[in-house]
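Descriptive structure summary
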Amino acid sequence: MQPRLNAFELVPDIYKAMTGVEAAMRRSSLPRTTYELVKLRVSQINGCGYCVDMHARDLKASGESDERLWSVAAWREAPYFTDAERAALDLAEAATRLADNPNAVPDEVWQAAEKEYPQETLAALVMAIATINFWNRVGVTTRLVAGSHTH
């Protein structure tokens, strides 16, 4: 697969603004591992090979077990995730698949996340989900190549 174009080089001010959002996310109260798990799961849903590859590698480099990495796509059936991580992954799926549910983000999904996270962290989680959806849409549309971020 060949990339269609490099949007980040062509609109560097937008890329710089988004990397600023990423930096702010890293400073937020959202646990780093949760943020990375959410990025991996949303990227899987959106079919962004570039981001799946990147975030799986990032999680592995931070010490995540193979079992957790392999199980993100089936987190509901896997015993490897905390209640807080499950709530985050459920919210991430609902907020990514808005058109698939007539209730968009169901109240029970929101309430489970609200139970696990204080308001500030929950707000950061919502922003994290929106941010990775942005990156995925750029990656999929421009056909970023999995593994090319490591070169």
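You'll find the structure just up there.
The following paragraphs examine the structure supplied in this document. (Residues numbered from 1 in each chain as written. Predicted model: local features only at pLDDT ≥ 70, side-chain atom pairs only at ≥ 80, totals over all residues. Heavy atoms only, no water.)

Take the pattern of salt bridges next. Per the counting criterion, the structure on display carries 11 salt bridges. The partner of D66 in a salt bridge is K60, with the nearest N and O atoms 2.5 Å apart. We classify D66 as partly exposed; its relative accessible area is 28%. Connected via shared salt-bridge partners are R41, R76, D90, E93 and R97. (Salt bridge = Lys/Arg side-chain N within 4 Å of Asp/Glu carboxyl O. Buried < 20%, exposed > 50% of the residue type's maximum accessible area, 1.4 Å probe, protein only.)

In this approach, a probe sized like a water molecule rolls over the atoms, and the result shows the empty space that is left. Estimated volume of the largest pocket: approximately 390 Å³. Lining the largest pocket are 20 residues; nearest its centre among them are Y15, E22, Y50, M54 and W135. Residue assignment for the lining of the largest pocket shows that the elements contributing at least two residues are α1 (7–10), α2 (12–27), α3 (32–46), α4 (49–61) and α8 (119–142). Broken down by element, the lining of the largest pocket gets its largest block of residues, five residues, from α4. Residues belonging to the lining of the largest pocket are distributed by class as follows: eight nonpolar, five polar and seven charged. (1 Å grid on protein atoms, 1.4 Å probe; cavity = no way out; pocket = protein on both sides within 12 Å on 5 of 7 lines; lining within 4 Å. Points joined across faces, edges and corners; volume = space filled by probe spheres on them. Helix = DSSP H or I, 4+ residues; strand = E, 2+ residues; numbered from the N terminus. Nonpolar A, V, L, I, M, F, W, Y, C, P; charged D, E, K, R; others polar.)

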